Amino acid sequence: MFTHRITICKLLGFPIKIDATWIFLAAIVTWSLATGVFPDQVAGLGNSAYWVMGAVAAAGLFASIIFHELGHAIVARYYGIGIRDITLFVFGGVAAMDDEPPNATSEFWVAIAGPIASVLLGAAFWLIGGLLPAAAEGLTPAAAVVQYVGMMNGMLALFNILPAFPLDGGRMLRAALWSLK
């Protein structure tokens, strides 16, 4: 699946990699935020300010995906399941397990750990965004970026709990069916 991966760092002992397709996604996300989303939310800034906001928000989104995948990886490690690496690619991220979970319980908790991490991170960002000072016209640039990252974490959690394999919800459904069998 991944052909051109680059290791960017190691977090908690897990290699973090990006696939070449991720660069395409990063450019599209930054562009769409800089030219569409943030000019509508925070009026009156120059183009360079919107591009900086877009780049910072895109970096926050991708850091959030790594955080989500770290949730899976940490719980997998708890259950003795090896994780080769975490890779960001055009469709998001994946924590590549060395083996399948040994039982339904471990499958369920590894699967739900990512959405739980995203919900917690999203709530933290949303709270911080609400605490930032407001501008007379509405959101400040910092509040707009922080609230965007918070909202995207909530959406990431909701999307991932859909009961469709290989999404986390599909893995949770598989664990539930496995435990019944």
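Structure first, text after, so check above.
This write-up is about the structure you can find in this document. Being a predicted model, the structure only gives us computed values, none of them experimental.

### A few points about the packing of aromatic side chains
- A complete count under the given rule lists four aromatic pairs for this structure.
- Consider the rings of tryptophan 22 and phenylalanine 62, whose centres lie 5.0 Å apart with planes at 70°: the pair is edge-to-face. Linking tryptophan 22 in helix H1 (residues 20–41) with phenylalanine 62 in helix H2 (residues 47–78), this pair joins segments that are 40 residues apart in sequence.
- Overall, the relative accessible area of 18% leaves tryptophan 22 in the buried class.
- Overall, phenylalanine 62 belongs to the buried group, its relative accessible area being 5%.
- Relative to tyrosine 79, the ring of tyrosine 78 lies with its centre 5.1 Å away and its plane at 90°, an arrangement referred to as edge-to-face.
- What makes tyrosine 78 exposed here is its relative accessible area of 68%.

### Things to note about a nonpolar patch on the surface
- Taken together, the side chains of Leu11, Leu12 and Ile74 present a nonpolar region at the surface, about 250 Å² in accessible area.
- Structurally, the position occupied by leucine 12 is in the loop between strand S1 (5–11) and strand S2 (14–19).
- On the basis of relative accessibility, which here comes to 54%, the residue leucine 12 falls in the exposed class.

### Section: the side chain of histidine 68
- Assignment of secondary structure puts histidine 68 in helix H2.
- The contacts of histidine 68, once residues within four sequence positions are left out, are Gly114, Pro115, Ala117, Ser118, Leu156, Asn160 and Asp168.

Rules and cut-offs
- Residues numbered from 1 in each chain as written.
- Predicted model: local features only at pLDDT ≥ 70, side-chain atom pairs only at ≥ 80, totals over all residues.
- Heavy atoms only, no water.
- Phe/Tyr/Trp six-rings, centres within 6.5 Å; stacked < 30°, edge-to-face > 60°.
- Helix = DSSP H or I, 4+ residues; strand = E, 2+ residues; numbered from the N terminus.
- Buried < 20%, exposed > 50% of the residue type's maximum accessible area, 1.4 Å probe, protein only.
- Patch = residues over 30% accessible without salt bridge, like charges linked within 9 Å, V, L, I, M, F, W, Y side chains within 5 Å.
- Areas by Shrake-Rupley, 256 points an atom, 1.4 Å probe, with all protein chains shown as cover.
- Salt bridge = Lys/Arg side-chain N within 4 Å of Asp/Glu carboxyl O.
- Contact = heavy atoms within 4.5 Å.

Interpretation note: all reported values are geometric properties and have no functional meaning in isolation.
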